[in-house]
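# Observations on chain architecture
Now for the letters of each chain:
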Amino acid sequence: SYANIPYWVARTNDKIVATLHTRLQQALKDWSDDFQDQALSAVKEAGIPNIETFNHNVVMQNQTIQLDPPLEDARAGWLRNLQEWLATVCDLPRVQASRFESALTVGGHQSSTTYAELPAMCMESLTALYEIIEAKIGVAQTYVDEWLQFQSLWDLQLEQVQDDLGEDLELWLQLIQELRQKRETFDTSGMHRSFGHLVINYEQVQAKVNAKYDQWQHELLGHFASLFANRIIDVYAELQKSRKDLE
């Protein structure tokens, strides 16, 4: 009699689920460690997550600075890779009583299910992984935003700056100092910034931003020098007048 087959299969599956759950937890830890590792290895060992590294370019098209492709592509790719990594465990065929019964029954129907319930048993680890992915995207987005803000170099006009600052020398001096500090973002010998499995290439736009920055700095310094010279003349005239009044 094979009446105990369903019971035996259920008990066996319970043991398999417990073992696979432990292995899946370790697999998620391995994926997390590899994802956060900044020193990427070109050669992947067997059993190590093969997480794709995404390259994004800061480019200028039609006088507009943009990132190509967008960071959402990296997020989608990592989530797809994580899903594939989970599938190595979760898509294993479950042991079923029907397999044994079909051997005894001619034309017996054989169904095949998997251990798809395992991810739900690892929600804490999965939630932590999603947060790690979003954190990396956030850090990269902050860096990309530093490049995107240089779009104002093309959008602004000198007349607008003159209207906003007027003849306040302190504001003009502050603006020039901030320009010099901000230059550190792009005035480097490098051509990319790495965030582990995410690389931002800015070679294509670096020279254009540098040239536009030089143009703006020249114009602003020229206007500041003119304002400063006029202020010196005014101060000198006031001193001359005060001297005559005293005499």
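Only a predicted model underlies this, so the values are computations on that prediction, with no experimental measurement involved.

Another aspect to go through is the sheet that holds strand β3 (residues 192–194). Ordered by their spatial adjacency, four strands build an open sheet running β2-β1-β4-β3, and the pairing between neighbours is mixed. One side of each edge strand has no neighbouring strand; the edge strands of this open sheet are β2 (64–68) and β3. Recorded for the sheet is a direction-independent mean angle of 20° between the axes of neighbouring strands. In this sheet, strand β4 (residues 198–201) lies alongside strand β1 (residues 54–61) in parallel orientation, the contact comprising four bridges. The partner of N55 across the bridge, within β4, is V199. Docked against the sheet, helix α4 (residues 123–148) engages β1, β2, β3 and β4, running at close to 155° with respect to β2.

Across all of its chains, the model carries eight aromatic pairs by this definition. With centroids separated by 6.1 Å and ring planes inclined at 80°, the aromatic side chains of F54 and W78 adopt a geometry described as edge-to-face. Of the two residues, F54 sits in strand β1 while W78 sits in helix α2 (residues 71–90), which places them 24 residues apart along the sequence. Take F54: its relative accessible area is 11%, and that puts it in the buried class. Residues F224 and F228 carry aromatic rings whose centres are separated by 6.1 Å and whose planes lie at 15° to one another, so their mutual orientation is stacked. Taken together, the positions of F224 and F228, both in helix α8 (residues 203–246) and four residues apart, correspond to about one turn of that helix. Taking the relative accessible area as the measure of exposure, F228 reaches 42% and is therefore partly exposed. One aromatic cluster is present, built from ring pairs that chain together W31, F35, F54 and W78. A cation over a ring is seen here: K136 above F35, with NZ or CZ 5.0 Å from the ring centre.

Thresholds, definitions, all that
- Each chain has its residues counted from 1, following the order in which its sequence is written.
- Under the rules for a predicted model, residues below a pLDDT of 70 receive no local features and side-chain atom pairs below 80 are neither given nor counted, while totals for whole chains, interfaces and linings still include all residues.
- Side-chain descriptors were evaluated using all non-hydrogen atoms of the structure, hydrogens and water having been removed beforehand.
- Paired strands are those between which DSSP finds at least two bridges.
- For the purposes of this entry, the term helix denotes a DSSP run of H or I that reaches at least four residues, the term strand denotes a run of E that reaches at least two, and both are numbered from the N terminus.
- Helix axes use the C-alpha atoms of the stretch in contact, all axes being lines fitted to C-alpha atoms, and the angles between their N-to-C directions lie in the range 0 to 180 degrees.
- A contact between two residues is defined here by any heavy atoms of the two lying within 4.5 Å.
- Each Phe, Tyr or Trp ring (for Trp, its six-membered ring) is paired with any other whose centre lies within 6.5 Å, and the angle between the two planes then decides the class: stacked below 30 degrees, edge-to-face above 60, tilted in between.
- Remark: exposure states derive from per-residue accessible area (1.4 Å probe, protein chains only) relative to the maximum for the residue type, with buried under 20%, exposed over 50%, and partly exposed in between.
- We call a charge positioned over a ring when the NZ of a Lys or the CZ of an Arg lies within 6 Å of the ring centre and within 35 degrees of the ring normal.

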